[in-house]
Amino acid sequence: MKVSQFSSSKILQHIDRISEWKENKISKPITYELDMTNVCNAKCHFCFGFFEQSKHLDSMNLREAKNILKQVKSFGGKAVTFTGGGDPLCNKDTIEAVIYARKIGLDVGFITNGILLNQKKIEEIVKNCTWIRISLDASSKANYKITHGMNSTTFDVVLKNIKMLVREKKKRNSSITIGVGLLTYDKTICDIIPFAKLSLSLGVDYAQYRPLLKKFKEKEINNKNQILILKKMKIAEKYGTKNFSVVSSVHKYVLMETNNTERQYDVCYGHNFATVVAADQKMYLCCHMRGMEKYCIGDLKKNSLKEIWSSEHRKKVFSNIDFNDCPLLCRCDSFNTVLFNMQKKVDHVNFL
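Residues numbered from 1 in each chain as written. Predicted model: local features only at pLDDT ≥ 70, side-chain atom pairs only at ≥ 80, totals over all residues. Heavy atoms only, no water.

A. Examining the sheet that holds strand β1 (residues 31-35) more closely. What the 10 strands build is an open sheet, ordered β7-β6-β5-β4-β3-β2-β1-β8-β9-β10; its pairing is mixed. Edge strands, defined here as strands with exactly one partner in the open sheet, are β7 (245-248) and β10 (296-299). Within the sheet, the average angular offset between the axes of one strand and its neighbour, ignoring direction, is 25°. Of the pairings in the sheet, the one linking β1 to strand β2 (residues 79-83) comprises 5 bridges and is parallel in character. Across the sheet, residue E33 finds its bridge partner in β2, namely T81. (Pairing = 2+ DSSP bridges. Helix = DSSP H or I, 4+ residues; strand = E, 2+ residues; numbered from the N terminus. Axes fitted to C-alpha atoms, helices over the stretch in contact; angles between N-to-C directions.)

Structure representation (structure tokens):
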């Protein structure tokens, strides 16, 4: 049985990096998130994009992107996800950067709202990406306006583009994984079951449910909502088929339902294995900290990736992480739990 692409145990596929981390207390990142721009053409009220995004509408050009990707590859990076920030397709150079990343041997992922997809872009994405996820976040025109702040015409455009993606995958007999995502919170509970039906009809490979994380110090969780969400997701799972999966981070929902969301670790170990390069060419501690100066670990306009990663400044930022600034059940939470347990002293280790 293969490990799910969403499983935190994937990190155990990189024993060499884990060994390096255990020995030296630092490792080189395996995966990078690369923001080509902070500009976005949607108006999602829950956006986790660049901090104070409207004041920082940076974009990087193709030369800058290639330089960064080249450093990622030479520094031992395995994969890069084009994301944001803003929406990657709001930068005209993004598709060329995707092509270059694949050309130099990086695995490529892509996250977009899907509004600016067209046939030419879809062809290159299908040829060069391992996976793409469309942030749809609604099953109806009415709720699309609530979640994305966009009109019904835009919803129709995105659905048409998803169908184009699916057709291109079939045409090329491609192995790319196409998914659509729904953030779950009080406004989208009604979407959970219809979203599975819609996703199945679109012909994508999976529908993914993810809890809407609260920003920074907003820690309140309505556990009554989580109980209802779990019930509805259980029904939604029944729409799964041999070629279509309904997936979610079930453990996160269970923890939220029981209000058992406190961290079991006191250090963000996951930072050693995944990092973020934002559109301003600065590197930030993680995707939740884009644009927060206190969590900027270096500037690629001034220093190389290698210099930043081995710098005293990065170590200082890392050692001064305040978990009060982090959302509960954050990007690295699952990895941190796995790595924390690996750090523990275990008795009778040879008796399995």
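Having put the structure on the table, let's press on.
B. Quick peek at the pairing of strand β5 (residues 177-184). With 7 of 8 residues buried, β5 is to be regarded as a mostly interior element. As judged from the 5 bridges shared by strand β4 (residues 131-135) and β5, these two strands associate in the parallel manner. The residue bridging W131 from the neighbouring strand is T177, located in β5. Inspection of the sheet shows β5 paired to strand β6 (residues 206-211) by 6 bridges, in the parallel sense. Residue pairing across strands places G181 opposite Q208, the latter belonging to β6. Between β5 and its parallel partner β6, the chain crosses via helix α7 (residues 192-202), and the hand of that crossover is right-handed. (Buried < 20%, exposed > 50% of the residue type's maximum accessible area, 1.4 Å probe, protein only. Right-handed = clockwise from strand over helix to strand, strands pointing away.)

C. Just the nonpolar core, in detail. Counting 78 residues, the largest nonpolar core has L34, L69, V80, F82, L136 and Y209 as its most contacted members. With 7 residues, helix α6 (residues 152-172) is the largest single contributor of residues to this core. The next biggest cluster of nonpolar side chains, apart from the first, holds 11 residues, and it includes I11, I18, I30 and Y265. (Core = buried A, V, L, I, M, F, W, Y, C linked by side-chain atoms within 4.5 Å.)

D. Region of the structure containing empty space enclosed by the protein. Here the structure, examined in full by the defined rule, presents 2 cavities of 30 Å³ or more. Roughly 90 Å³ of internal volume is contained in the largest cavity. In terms of lining residues, the largest cavity is bounded by 13 residues, among which C268, C286, F323, C326 and C330 are the most central. As a volume, the second largest cavity reaches approximately 50 Å³. Residue contributions to the lining of the second largest cavity peak at 3 residues, all from strand β8 (residues 274-277). Considering only residue class, the lining of the second largest cavity consists of 5 nonpolar, 1 polar and 2 charged. (1 Å grid on protein atoms, 1.4 Å probe; cavity = no way out; pocket = protein on both sides within 12 Å on 5 of 7 lines; lining within 4 Å. Points joined across faces, edges and corners; volume = space filled by probe spheres on them. Nonpolar A, V, L, I, M, F, W, Y, C, P; charged D, E, K, R; others polar.)

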